[in-house]
Each structure stands twice: as structure tokens, then as C-alpha cells.
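# Observations on the three-dimensional arrangement
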Amino acid sequence: MAFSFTAEQEELRATVRRFLADKSPSAAVRHWMETEPGHDPAVWQQMAEQLGLHGLALPEEYGGSDGGPVELGIVLEEMGRALLPSPYFATVALAGQALATCGDEAAKARWLPALADGSLTATLALAEESGSWRLADVTTVATRVGETWTLSGTKMFVVDGDSADLLLVVAGGEAGVGLFAVNGTAAGVTRTRLETLDPTRRLAKIDLNDAVAQRISPPTDASAYLQGVLDLAVVALAAEQVGVAQACLDAAVEYAKIRVQFDRPIGSFQAVKHKCADMLLEVEAARSAAYHAATVAAAGSTELPTAAALAAAYCSQVGTHAAKENIQIHGGIGYTWEHDAHLYLKRAKSSEQLFGGPASHRARLADLVGI
């Protein structure tokens, strides 16, 4: 599939990059990742009100811009490049896409406008204590009580789950697995922030004890819909991983130009040249995989499961490898807290396991193509 960015998409990238260079430099990232909210509320509102990023991939009728996975991928790539600490990924890439494709018009009208204007944060809760992201392994129980539902169970590794206003919870009931909306502060909801490897992205454990919920997925088994939501999520994450890898490549190349040993820049040494060249090839291949998947998603193609699995498996490994090589090229300084290289490695490694590791995506890809 031939692909190239339009002039409007390139302008979007340039605008987001300029904004993040101003609002998310290293000092700001380090400051906000240590604070209680974990992000800058003023930047959050600016992204929504001035740049319109929150509604970028949402329908225009609900306050969005009618963009799609490609435009969202561009934004997430730049956010990954800047390591922006923000609930954007959880709210827009996870909950936003889940709501936009749920088919429940009342749910869309109720929550999407608030997501688009930045007044509501949300997230998706799927994985449980087993650590599995497979729908078949969901044990959280949904019980119908009159016109409402109650949920009981435990969700793990919920992105920004400790602070999200709205929780979209995957649970199983009489009709099969479905997606349910739960108020983050509702009775029966206990949220615990987890100690994580990546300080720039927060994860939480959510205990549900007869928490009142509203079903927003189809009334019958919603496995096909939810798998589609997961495919969109891993495609979005792949784009972010490309941004992380690109930042590591850029940092490694720049350091190789200025670090001098034996009266020569280390970039003139063959071993360092090969590392940088290999990183470049991997990053460009990852970008192709990520945007191929985003293009397939935008077209509503039946190839999405295959493209998503491929992008998830490859981009996650490239992100981690680029982050490791960046540290190697920087040498001793790359291992210090003062340098940002470790922050990129922590984001890359954490993201590699989000939604399942590369091995699980390769296994799914093999099943899809009949190997």
C-alpha cells in the first residue's frame, strides 16, 4: 500500500512538535512526573482548546475534527518523542476510540463532547491479575440489576486509572463479554496507583465491588467490537513507540557527532556508525509498519488485525532496542539519572509489555495468517 503524508498532516506534525518543544522540555517532564496529578493541567487544556488535539480523531458531531488513526498516530508519535506525561493516550487513544466505535449513540452524546473539550478524562480497563490482555481471560463479572449493571472484579495495569474520571471496563456477563462505563469515584470502586518502571506513564489497580455500571457495547457478546478496540489501541501505541525510537536515534547521532575520543568524534568509528545505521533502518521500518496499520484502520479494512499485530510486535521491539543502543552510544553518562536516556528506555520497555509483549503479538499474527 503506497502511503505519504498530506500537507495538512505535515503541518499538524510541525505544530505539535513546536508546541511540545515549548511545553514538554526535559525539565518539565521531570517536574510533572513527580507531582500528584502527573501532568500539567494547563498544557492539558491548551492541547484541547488551542490545538484541538483531544477531538482530533472524534466525530465532528460530538465536537471532534473527524480525523482518524493516521492523524492520531502523528500526534502520538510526537508525544512519544517528547515523553509528554499526560492522560492523552488513555483518554483519546483508548477511551475515545472505544466510545467512538461503540455504536451507542446515547453514550457518545453523553461523553464524547467532554472528551473533546478536555473537561473529562477516561481510560480503558481490560487486563487483570493474570496479566493477560486476551478477552477470553477476563474474569470480572457483570451482573444485571434491573436497568443497570454492577461489576465485581479486579483490573490491573490500567493506564491513568488512578485519576481518570470515567472508567471503561471490560467484563463478562450472561450475554458474553462487554464494555461498561463506570464513574471513577463511584461507590464500590477502589483505585490504587502502582509502582511502575516508567515514571512518565501511570498505571493503576482497580478493585470493583458491585460498582454500578452502564453497558455501552452491543447487548450480545461484544468480543468482535472489543478486539477491534484493542487493534486500534495497539496501532496508536505503535505510533508512540516510533516517536520514542526516533528521539533515541536523534540523541545517539547528535552525541556521536560531538563526543570526541582519540582526537576524533566517536561517530567516525565503524562500530558506532553501524549502530546508528542499524537504528535508522529499524526506526524507518517501524514507522512504515505503524502508519500502514493506521492507514488500514482508517480505511476500515479487514486487514486491520494482521496489520495491528505486525505493528505491535515490531514497533515495541524497535523502541526498546533504540533506547538501549542510545545508552550504549552515550557510554557512562547514558547510565546516569541526570541524562534522559533512562527515561526513554523505561517508557520503551513499559510500552513493550502494554497490551501483551511482542511474543503474544507474533503468535496472534501467526494464527491470523495460518502459520
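Along every chain, residues carry numbers that run from 1 in the direction the sequence is written. Residues qualify for local features only when their pLDDT is at least 70, as the model is predicted, and side-chain atom pairs are given and counted only at 80 or more; totals for whole chains, interfaces and linings, by contrast, use all residues. Side-chain descriptors were evaluated using all non-hydrogen atoms of the structure, hydrogens and water having been removed beforehand.

## Regarding the overall build of the protein
In this description a helix means any DSSP run of H or I spanning at least four residues, a strand means any run of E spanning at least two, and both kinds are numbered starting from the N terminus. A count of helices and strands for the protein gives 11 helices and 9 strands. For the protein, the C-alpha radius of gyration of 20 Å lies close to 21 Å, the compact-globule estimate for 371 residues. Working definition: with a 1.4 Å probe on protein chains only, accessible area under 20% of the residue-type maximum means buried, over 50% means exposed, and in between means partly exposed. Per-residue burial over the protein gives 55% buried out of 371 residues. Note on contacts: a residue pair is in contact if any heavy atoms of the two residues lie within 4.5 Å. When contacts within the protein are restricted to residue pairs at least 6 apart in sequence, long-range pairs at least 24 apart make up 73% of them. Here, Shrake-Rupley sampling with a 1.4 Å probe gives the accessible areas, and only protein chains in the shown set may cover a residue. Approximately 15,700 Å² of the protein is accessible, and the part contributed by carbon and sulfur atoms is 55%. Here the protein carries 29 positive and 44 negative side-chain charges, and the mean point of each set is 6 Å from the other. Every radius of gyration here is taken over C-alpha atoms, with the globule rule written as 2.2 Å times N^0.38, N being the number of residues. Under the counting rule used here, the positive set is Lys and Arg, the negative set is Asp and Glu, and His together with the chain ends is not counted. Note that the charge is assigned to NZ on lysines, CZ on arginines, CG on aspartates and CD on glutamates.

## Topic: the pairing of strand β2 (residues 141–145)
When DSSP finds two or more bridges between two strands, those strands count as paired. Taken together, the 5 bridges between β2 and strand β3 (residues 148–159) define a ladder with antiparallel strand orientation. Among the inter-strand pairings, V145 is bridged to a residue of β3, identified as T148. Count of turn residues in the β2/β3 antiparallel hairpin: 2 residues, of which G146 carries a positive phi of about 65°.

## Remarks on the packing of helix α7 (residues 223–258) against helix α10 (residues 341–353)
Between the N-to-C directions of two axes lies an angle of 0 to 180 degrees, each axis being a line fitted to C-alpha atoms and, for a helix, fitted only over the stretch in contact. Packing of α7 against α10 brings their axes to within 10 Å, and their N-to-C directions diverge by 155°. Considering their axes alone, α7 and α10 lie roughly antiparallel with respect to each other. By crossing handedness, the relation of α7 to α10 is classed as left-handed. Two secondary-structure elements touch here, α7 through L237, E240, Q241, V244, A247 and C248 and α10 through Y344, R347, A348, S351 and E352. In this classification, the charged set is Asp, Glu, Lys and Arg, the nonpolar set is Ala, Val, Leu, Ile, Met, Phe, Trp, Tyr, Cys and Pro, and all remaining amino acids, among them Gly, are polar. Partitioned by chemical class, the residues of the contact of α7 with α10 number 6 nonpolar, 2 polar and 3 charged. To sort the angles, those under 35 degrees are grouped as roughly parallel, those over 145 as roughly antiparallel, those from 65 to 115 as roughly perpendicular, and the leftovers as oblique. In this scheme the crossing of two helices becomes right-handed for a clockwise turn of the near helix relative to the far one and left-handed for an anticlockwise turn of less than a right angle.

## Some remarks on the UniProt feature "domain: Acyl-CoA dehydrogenase/oxidase C-terminal" (unreviewed entry) in the protein
UniProt positions are given in the numbering used here, feature names are shortened, and annotations may be inferred rather than shown by experiment. Residues annotated in UniProt with the feature "domain: Acyl-CoA dehydrogenase/oxidase C-terminal" (unreviewed entry) correspond here to residues 228–366. Measuring from the first to the last C-alpha atom of residues 228–366 gives 18 Å, for a span that is 79% helix and 3% strand.

## A short note on empty space enclosed by the protein
Cavity and pocket criteria rest on a 1 Å grid covering protein atoms alone: a 1.4 Å probe that fits but cannot get out defines a cavity, protein on both sides within 12 Å along at least 5 of 7 lines defines an open pocket, and an atom within 4 Å of a point defines a lining residue. Grid points are joined across faces, edges and corners, and a volume is the space filled by probe spheres set on the points. A complete count under the given rule lists 6 cavities of 30 Å³ or more for this structure. Taken as a whole, the largest cavity spans an internal volume of roughly 100 Å³. Of the residues belonging to the lining of the largest cavity, the class tally is 7 nonpolar, 5 polar and 3 charged. There is about 90 Å³ of room inside the second largest cavity.

## Some words on the pattern of salt bridges
The working definition used for a salt bridge is a side-chain nitrogen of Lys or Arg within 4 Å of a carboxyl oxygen of Asp or Glu. Taken as a whole and assessed by the stated rule, the structure comprises 20 salt bridges. In this structure, E128 engages K155 in a salt bridge whose closest nitrogen and oxygen atoms are separated by 2.9 Å. Taken as a pair, E128 in the loop between β1 (122–125) and β2 and K155 in strand β3 lie far apart in primary sequence, 27 residues in all. For the pair shown, E128 and K155 are each scored as buried. Residues joined in a network through salt bridges with shared partners are R13, R17, E77, E78, E284 and R287.

## Examining the environment of A57
For A57, the position within the fold is in the loop between α3 (41–49) and α4 (69–82). For A57, a relative accessible area of 18% puts it in the buried group. Between the C-alpha atom of A57 and that of P69, which follows or precedes it by 12 residues, the distance is 6.8 Å. For A57, the contacting residues outside a window of four places in its chain are G67, G68 and L72.

## A short note on the pairing of strand β5 (residues 176–183)
Side-chain direction in a regular strand flips from residue to residue, so the side chains alternate between the two faces of the sheet. Extensive coverage of β5 is indicated by the burial of 7 of its 8 residues. Bridge analysis of strand β4 (residues 166–173) against β5 gives 8 bridges, and the strand direction is antiparallel. Bridge pairing in β5 links L167 to V182. Counting the residues between successive antiparallel strands, the hairpin from β4 to β5 contains 2 residues.

## A word on unusual backbone geometry
Leaving glycine out, the prevailing phi sign among residues is negative, and the prevailing peptide bond configuration is trans. Backbone geometry at L83 places phi at a positive 55°, although glycine is not the residue there. Inspection of the secondary structure assignment puts L83 in the loop between α4 and α5 (88–100). Despite not being glycine, F157 has its phi angle at roughly 55°, a positive value. Relative to the helices and strands, F157 is located in strand β3.

## Digging into helix α6 (residues 105–116)
One fewer than the residue count of a helix, multiplied by 1.5 Å, yields its expected span. The first and last C-alpha atoms of α6 sit 16 Å apart over 12 residues, in line with the 16 Å expected at 1.5 Å per residue. Looking only at α6, the buried set comprises A107, K108, W111, L112, A114, L115 and A116. Looking at the buried positions of α6, the neighbouring elements they touch are α3, α5, β1, β4, β5 and β7 (203–215). Positive phi appears at G118, one or two residues downstream of α6, with a value of about 85°.

## Regarding the side chain of T121
Mapped onto the fold, T121 is located in the loop between α6 and β1. Taking the relative accessible area as the measure of exposure, T121 reaches 14% and is therefore buried. Apart from residues no more than four positions distant in its own chain, T121 is found in contact with W44, P87, T91, S163, A164, D165 and L166.

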